[in-house]
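Summary of structural features
One letter stands for each residue in the lines below.
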Protein chains: 2
Amino acid sequence: MNADPTSPPTGEPPAPTGSGLGKLPSHVHIREEGPRDGWQNLDDVVIPTALKLDYIDRLVRTGLRRISVTAMVHPAWVPQLADAADVISGLPTVPDVDYGVLVPNPRGWERLTSLLDEGAPITEITTVVSVSEAHNRANVNMSVDDSLRQLEPVVSAARDRGLHVCAGVATVFGCSLSGVVPVDDVVRVTRQLVDMGAAELTLGDTTGMANPVQVVDVLSALREAVPDVRLTPHFHNTRGAGLANVLAAMQIGIDSFEAAYGELGGCQFARGATGNIATEDLVSMLSEMGVTTGVDLPALIGIVADMEGLLGRRLDSHVSHAGPVEWVMTETAVS
Amino acid sequence: MNADPTSPPTGEPPAPTGSGLGKLPSHVHIREEGPRDGWQNLDDVVIPTALKLDYIDRLVRTGLRRISVTAMVHPAWVPQLADAADVISGLPTVPDVDYGVLVPNPRGWERLTSLLDEGAPITEITTVVSVSEAHNRANVNMSVDDSLRQLEPVVSAARDRGLHVCAGVATVFGCSLSGVVPVDDVVRVTRQLVDMGAAELTLGDTTGMANPVQVVDVLSALREAVPDVRLTPHFHNTRGAGLANVLAAMQIGIDSFEAAYGELGGCQFARGATGNIATEDLVSMLSEMGVTTGVDLPALIGIVADMEGLLGRRLDSHVSHAGPVEWVMTETAVS
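So, how was this worked out
Residues numbered from 1 in each chain as written. Chains lettered and ligands numbered in written order. Predicted model: local features only at pLDDT ≥ 70, side-chain atom pairs only at ≥ 80, totals over all residues. Helix = DSSP H or I, 4+ residues; strand = E, 2+ residues; numbered from the N terminus. Rg over C-alpha atoms; globule rule 2.2 N^0.38 Å. Buried ≥ 20, exposed ≤ 12 C-beta atoms within 10 Å, placed from the backbone. Contact = placed C-beta atoms within 7 Å. Axes fitted to C-alpha atoms, helices over the stretch in contact; angles between N-to-C directions. Parallel < 35°, antiparallel > 145°, perpendicular 65-115°, else oblique. Left-handed = near helix turned anticlockwise from the far one by under 90°. Nonpolar A, V, L, I, M, F, W, Y, C, P; charged D, E, K, R; others polar. Least-squares fit on C-alpha atoms with pLDDT ≥ 70 in both. Pairing = 2+ DSSP bridges. pLDDT = per-residue confidence, 0-100. Core = buried A, V, L, I, M, F, W, Y, C linked by C-beta atoms within 7 Å. Arc of directions from axis to C-beta.

Quick notes on the overall build of chain A
- In terms of helices and strands, chain A carries 13 helices and eight strands.
- For chain A, whose C-alpha radius of gyration is 19 Å, the value lies close to the compact-globule estimate of 20 Å for 335 residues.
- Structurally, chain A occupies a C-alpha span of about 65 × 45 × 40 Å along its principal axes.
- Looking at chain A as a whole, 56% of its 335 residues qualify as buried.
- Counting contacts in chain A only where the partners sit at least 6 residues apart, residues at least 24 apart contribute 75% of the total.

Concerning the packing of helix α9 (residues 242-250) of chain A against helix α9 (residues 242-250) of chain B
- Between α9(A) and α9(B), the shortest axis-to-axis distance is 6 Å and the interhelical angle comes to 40°. For the element pair α9(A) / α9(B), the angle class is oblique. Between α9(A) and α9(B) lies a crossing of right-handed hand. Along the contact surface, α9(A) presents Leu243(A), Ala244(A), Leu247(A) and Ala248(A), while α9(B) presents Leu243(B), Ala244(B), Leu247(B) and Ala248(B).
- Residues belonging to the contact of α9(A) with α9(B) are distributed by class as follows: eight nonpolar, no polar and no charged.

Digging into the relation of the copies chain B and chain A
- Between chain B and chain A, the superposition needs a rotation of 180° and an axial shift of 0.0 Å, giving an RMSD of 0.0 Å. What the rotation and shift describe, once combined, is the action of a two-fold rotation axis. In terms of C-alpha distance to the rotation axis, chain B has Ala244(B) as its closest residue, with the C-alpha 1.9 Å off the axis.
- Of the interface residues in chain B, 100% have counterparts in chain A that sit at the interface too, so the contact is made through matching surfaces.

Focus: the environment of Arg111(A)
- With respect to the helices and strands, Arg111(A) occurs in helix α4 (residues 106-117).
- The sequence separation of Arg111(A) and Ile56(A) amounts to 55 residues, and the corresponding C-alpha distance is 21 Å.

Observations concerning the pairing of strand β7 (residues 230-234) of chain A
Residues and elements named next belong to chain A.
- Taken across its five residues, β7 has four buried, putting it largely inside the fold.
- Pairing of strand β6 (residues 200-204) with β7 involves five bridges; the strand directions are parallel. Following the sheet pairing, Gly204 is matched in β7 by His234.

Quick notes on the environment of Arg149(B)
Residues and elements named next belong to chain B.
- As for its position among the elements, Arg149 is in helix α6 (residues 144-160).
- Exposure remark for Arg149: the 12 C-beta atoms within 10 Å place this residue in the exposed category.
- Taking the C-alpha atoms as reference points, Arg149 and Leu193, separated by 44 residues in sequence, lie 10.0 Å from one another.

Observations concerning the packing of helix α10 (residues 279-289) of chain B against helix α11 (residues 297-311) of chain B
Residue and element names in this part refer to chain B.
- Interhelical geometry of α10 versus α11 gives an angle of 160° and a closest axis separation of 10 Å. Considering the angle they form, α10 stands roughly antiparallel to α11. Crossing of α10 over α11 shows left-handed handedness. Of α11, the residues touching α10 (which contributes Thr279, Glu280, Val283, Ser284 and Ser287) are Leu297, Leu300, Ile301 and Val304.
- Looking at the contact of α10 with α11, its residues break down into five nonpolar, three polar and one charged.

Examining the confidence of the model for chain A
Residue and element names in this part refer to chain A.
- On average, residues of chain A score 91 in pLDDT, and 90% of them are at 70 or above.
- Across residues 3-13 the pLDDT falls below 50, and counting only partners more than four positions away or on other chains, this stretch makes 14 contacts in the model.
- Between residues 331-335, whose pLDDT stays under 50, and residues either more than four places distant or in other chains, the model counts eight contacts.
- Predicted complex metrics record ipTM = 0.93 and pTM = 0.93.

Some thoughts on the environment of Leu193(B)
All names here are of chain B.
- Relative to the elements of secondary structure, Leu193 occurs in helix α7 (residues 183-196).
- According to the C-beta neighbour criterion, Leu193 is buried, with 24 such atoms within 10 Å.
- Excluding anything up to four places from it in sequence, Leu193 contacts Ala167, Ala198 and Leu201.

What to know about the interface of chain B and chain A
- Between chain B and chain A, the contact holds 56 residues from the first and 56 residues from the second.
- Those elements that provide at least two residues to the side of chain B that touches chain A are α8 (212-225), α9, α10, α12 (319-322) and α13 (325-331) of chain B.
- Residues belonging to the side of chain B that touches chain A are distributed by class as follows: 25 nonpolar, 26 polar and five charged.

Regarding the pairing of strand β5 (residues 164-170) of chain B
All names here are of chain B.
- Of all seven residues in β5, seven are buried, a share of seventy percent or more.
- Inspection of the sheet shows strand β4 (residues 124-130) paired to β5 by seven bridges, in the parallel sense. Note that in β5 the partner of Thr127 across the bridge is Ala167.
- Where β5 lies against strand β6 (residues 200-204), four bridges are found, and the strand directions are parallel. Considered in β6, the bridge of Gly168 is made with Thr202.

Thoughts on the nonpolar core
- Core analysis: the biggest nonpolar cluster contains 198 residues, and Leu243(A), Leu282(A), Leu243(B) and Leu282(B) have the highest contact counts within it.
- Once residues lying within four places of it in the same chain are set aside, the contact partners of Leu282(B) are Ile30(B), Leu243(B), Val246(B), Phe257(B), Ala259(B) and Ile277(B).

Concerning helix α5 (residues 133-140) of chain A
Residue and element names in this part refer to chain A.
- What α5 keeps buried is the set Glu133, His135, Asn136 and Asn139. The buried residues of α5 occupy one face: seen down the axis, they fall within an arc of 165°.
- Buried residues along α5 sit in contact with β4 (124-130), α6 (144-160) and β5 (164-170).

Following this line, the structure appears as structure tokens:
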């Protein structure tokens with residue numbers, strides 16, 4: 001992984017400290033999940049590979065430095081990602097960009113290994129396990145312990161190849177199938193993943209049930225239990241509280257989030273499926289707060305507009321329609 | 001006004017204190033703005049008076065205790081609210097509910113006075129002025145100082161009749177016409193309104209430009225400048241940060257917010273007009289955080305669903321489509 005998780009870019013001013021909000025991070029790292037989580041959940045269009053590569057190229061050019069580009073899943077299971085190998089081999093080469101791939105199981109790892117042998121520019125993988133037994137069975141048809149067991153050699157082999165390993169943990173804040181997910185279970189699963197060698201935990205609010213108080217409680221418990229790994233929440237905006245959850249997490253020092261442009265994404269086991277927090281809404285709020293992300297908001301909004309054209313429907317994100325606050329300030333100022 | 005702004009309902013447990021979020025209020029008061037701000041901004045349908053009264057009755061029965069029911073504006077200006085007198089005279093009588101009316105000027109106050117003389121069950125009024133000169137001129141065609149001058153006798157007369165006076169202050173967090181709104185200007189305008197006798201300030205993020213750091217800064221300055229009045233932010237979700245702004249405000253002790261069911265509302269001078277924060281998304285987040293509102297979320301969601309039927313389109317709020325977290329917990333639990 002290229003991006004240093006611990007330090008903001010040199011020369012950045014410290015973020016404003018709202019007296020009631022404590023000390024916020026001055027810089028936030030974003031992993032763009034649109035090409036993987038976002039596209040995977042589209043059921044109205046299969047995007048041609050060349051167009052995918054064009055979108056990824058444009059996302060890179062907004063300044064996003066971590067991009068989740070595809071998944072090593074069975075083509076019959078997710079037809080949208082059947083072109084994974086072609087996407088990976090066509091990725092634009094940019095020195096400081098980390099391309100990540102979702103690797104759910106040893107078969108997926110085998111496939112990725114062949115591509116790596118051919119020089120695939122992948123620097124990160126994300127594995128998958130749910131804390132909730134019911135969700136893990138629904139998602140990958142095995143128990144949580146069996147999932148952990150089969151991930152161990154994957155994590156180990158990926159580390160041996162010098163890849164940054166994110167352990168994706170689903171249903172961290174509740175499960176649409178089994179309800180409350182005890183914090184102790186989250187700690188138990190994440191501890192095992194860290195013991196295996198995961199350097200980062202991506203913490204999924206898979207079915208959009210998190211709230212700010214819970215976010216602070218769960219993330220605080222995790223930071224105590226696994227202090228040496230990066231914690232990257234993956235919030236959904238299912239019930240409108242996505243950015244409030246980000247704000248809560250930032251107040252205990254979390255400076256890394258996953259998001260998807262256009263509020264794309266979802267979960268097939270969640271009612272009223274809605275997407276990830278929108279990258280552009282996240283960038284907009286942070287920018288207005290004085291927190292840097294390195295992302296060019298107008299360029300990102302242009303991508304969302306083109307995506308709406310491709311899909312022939314309005315996406316759910318907000319600032320893409322309202323425009324950045326900065327535009328309002330400069331375009332219509334009257335004095 | 002019936003609802004006591006300072007104390008939570010007896011017997012309520014204190015809200016959970018997320019270590020990183022400080023001490024949050026245990027109860028939040030909501031003023032429902034759907035019937036006024038929400039309906040006023042509908043351009044696709046004029047709702048028949050009887051149906052309006054039915055919606056208001058249902059909103060009351062969800063447990064909402066403060067409802068903004070209409071505005072004393074010229075019928076030619078806002079045809080949707082031309083039936084203001086009939087709405088007011090038809091309001092369901094509920095002892096502990098406060099019905100509020102927007103009164104923009106002395107002519108509006110004269111009209112309301114006649115209705116009050118006939119026994120109209122109105123207990124609150126909200127006046128209107130923008131901090132931004134450009135927005136005030138666009139909205140009411142006069143300078144801020146002229147607006148303040150003409151509001152003075154209205155506030156005074158309303159107090160004399162025993163009404164609770166909210167001073168509505170627009171463009172508190174920025175203006176789509178003039179850009180940055182200095183905090184000093186906000187303090188100057190609000191101080192004059194409080195000196196006139198306003199008991200509450202409703203603070204409009206009129207064009208959806210607020211961010212959490214700014215919310216803390218501006219509200220802290222106001223609390224110091226005008227310590228004896230209730231501060232009720234009125235956030236819009238224009239750029240997706242509505243509930244994050246609520247969370248920030250709560251962290252400095254704010255326990256009163258305006259919202260509109262279905263994320264209705266908007267502002268005709270803001271690009272990509274989007275509505276108030278959705279009452280149901282607010283209630284959902286607070287409820288999950290352990291903060292009470294007294295509002296029956298499923299009943300409120302039922303109202304939103306019927307409103308979508310009436311309008312023939314999907315509204316922008318979230319939990320209305322995803323369902324309360326509680327439903328997910330109980331309906332689909334498998335163990």
